[in-house]
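Survey of secondary and tertiary structure
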Number of protein chains: 2
Amino acid sequence: MTAYSLDATDWRLLEALQRDGRASYAELARTVAMSPSAVTERVRRLEEAGVISGYSAVIDHERIGLPILALVRLRYPHGNYKPFHDLLAATPEVLEAHHVTGDDCFVMKVAARSMRHLEETTGRISGLGAVTTSIVYSSPLERRPLVL
Amino acid sequence: MTAYSLDATDWRLLEALQRDGRASYAELARTVAMSPSAVTERVRRLEEAGVISGYSAVIDHERIGLPILALVRLRYPHGNYKPFHDLLAATPEVLEAHHVTGDDCFVMKVAARSMRHLEETTGRISGLGAVTTSIVYSSPLERRPLVL
DNA sequence: CGGCCGACCGTAGATTCTGCGGTATGACAA
DNA sequence: TTGTCATACCGCAGAATCTACGGTCGGCCG
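The written sequence of each chain sets the order in which its residues are numbered from 1. Chain A is the first chain written and ligand 1 is the first ligand written, with later ones labelled in order. Residues qualify for local features only when their pLDDT is at least 70, as the model is predicted, and side-chain atom pairs are given and counted only at 80 or more; totals for whole chains, interfaces and linings, by contrast, use all residues. Think of the side-chain values as coming from all heavy atoms in the structure, minus any hydrogens and water.

Things to note about the relation of the copies chain B and chain A
Superposition of the copies used a least-squares fit over C-alpha atoms from residues whose pLDDT is at least 70 in both. Mapping chain B onto chain A is achieved by rotating through 180° and translating by 0.0 Å along the same axis, at an RMSD of 0.0 Å. When the rotation and shift are considered jointly, the pair of chain copies conforms to a two-fold rotation axis. Of the residues that chain B buries at the interface, 100% are likewise interface residues in chain A, meaning the two copies contact each other through the same surface. Contact definition: two residues touch when any of their heavy atoms are within 4.5 Å.

Things to note about the interface of chain B and chain A
Between chain B and chain A, the contact holds 65 residues from the first and 65 residues from the second. With both chains or domains summed, chain B and chain A bury close to 5,800 Å², and 55% of this area falls on carbon and sulfur atoms. Take a side-chain nitrogen of Lys or Arg and a carboxyl oxygen of Asp or Glu: if they are within 4 Å of each other, that pair is a salt bridge. In this structure, the connection of chain B to chain A is made through two salt bridges. For Lys109(A), the salt bridge identified is with Glu96(B), shortest N-O distance 2.9 Å. Pairs of N or O atoms are called polar contacts if they sit within 3.5 Å, as long as, within protein, a hydrogen donor faces a hydrogen acceptor (for residues adjacent in sequence, only side-chain-to-side-chain pairs). Where chain B packs against chain A, one counts 41 residue pairs in polar contact (both at pLDDT 80 or more). Two parts lose some accessible area (1.4 Å probe) when they are put together, and adding that loss for both gives the buried area.

Describing the protein's contact with DNA strand D
By convention in this text, a residue qualifies as near a molecule or strand provided that one of its non-hydrogen atoms is within 4 Å of it. Neighbouring DNA strand D are the residues Ser24(A), Tyr25(A), Ala26(A), Arg30(A), Met34(B), Ser35(B), Ser37(B), Ala38(B), Arg42(B) and Arg45(B). Counting only the atoms of DNA strand D that lie within 4 Å of the protein, the sugar and phosphate share comes to 74%. A distance of 3.0 Å separates a phosphate oxygen of DNA strand D from a polar atom in the backbone of Tyr25(A). Between DNA strand D and Ser35(B), the relevant distance is 2.6 Å, taken from a phosphate oxygen to a side-chain nitrogen or oxygen of the residue. A per-element tally of the surface near DNA strand D places helix H3 (residues 36-48) of chain B first, with four residues. Split into classes, the residues belonging to the surface near DNA strand D amount to four nonpolar, three polar and three charged. Note on conventions: DSSP H or I runs of at least 4 residues are helices, E runs of at least 2 residues are strands, and numbering of each starts at the N terminus. Asp, Glu, Lys and Arg are counted as charged, while Ala, Val, Leu, Ile, Met, Phe, Trp, Tyr, Cys and Pro are counted as nonpolar; the rest, among them Gly, fall into the polar class.

Without other data, these values stay purely geometric and don't point to any function.
Quick look at the structure:
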């Protein structure tokens with residue numbers, strides 16, 4: 001909503017911070033050829049404006065015992081979203097949930113440690129409506145940095 | 001594939017680093033009640049084992065001129081994936097791409113600056129097969145930290 | 001012209017990082 | 001038991017970085 005005007009330097013900082021969220025201000029300063037204090041101030045402004053909403057370690061779900069990823073679509077029969085929010089709060093297996101147009105009201109990304117676990121999780125979700133589950137074979141593009 | 005044994009401290013570090021990927025080792029050390037050097041060594045091992053595959057700034061796509069998010073499913077009629085990979089390489093609007101089971105072979109997350117832009121992008125994708133587009137109204141759960 | 005404002009720079013003290021050596025604990029074999 | 005070894009942790013010192021501050025420069029407006 002709130003527009004924020006980004007110049008070329010801001011874009012380069014955003015790109016650098018998406019590639020390495022732990023880059024030091026000194027390092028960032030070197031890549032954009034400015035002083036560390038100017039870079040610090042720019043990044044602080046981007047954070048304050050909400051352009052950068054945070055920083056996160058990227059975890060390989062396969063290496064922490066959650067080898068199965070699935071996209072679950074939920075046909076939701078009514079407009080009372082409370083049960084759905086309760087489900088989200090109670091189901092850590094759901095990594096993302098999006099309210100979308102189309103026949104299926106919600107699309108979720110789900111991680112599970114086994115097929116049995118996935119079955120149990122989708123079963124829980126299907127208490128709210130008809131589900132369609134697609135299991136992820138592989139992800140040709142797991143995460144692309146957001147650029148103009 | 002490569003199993004990595006995580007103890008309670010590792011989990012707490014992973015959780016902390018997913019919540020704040022820029023937390024200093026000194027800060028992490030305080031949250032898990034260990035010395036900074038021990039924490040540094042643990043995090044280094046997690047990175048080396050591939051449990052932590054990187055760090056990234058989380059960008060609010062709405063504030064950088066990409067207010068529209070859509071999930072695009074692609075029905076892909078054959079087993080030659082080269083054209084699809086070429087499309088991914090040439091289409092920065094696609095933020096994620098997953099190869100999945102079910103009628104639609106691929107599911108993509110797409111960001112666009114306008115409906116016209118989305119139309120143009122899905123049009124490009126539909127050169128490869130039939131597409132089904134769902135526009136994201138909102139995301140009740142945008143990103144949940146991966147936990148046990 | 002004179003003053004103001006925004007963005008940048010440079011500096012100093014505090015904090016953090018990095019690499020190293022030292023220590024405690026537990027496993028294992030003689 | 002005793003010795004040895006490996007692992008994980010701690011603490012330290014020098015280097016690098018961070019943070020907060022004041023100073024400078026160029027553009028803009030009264």
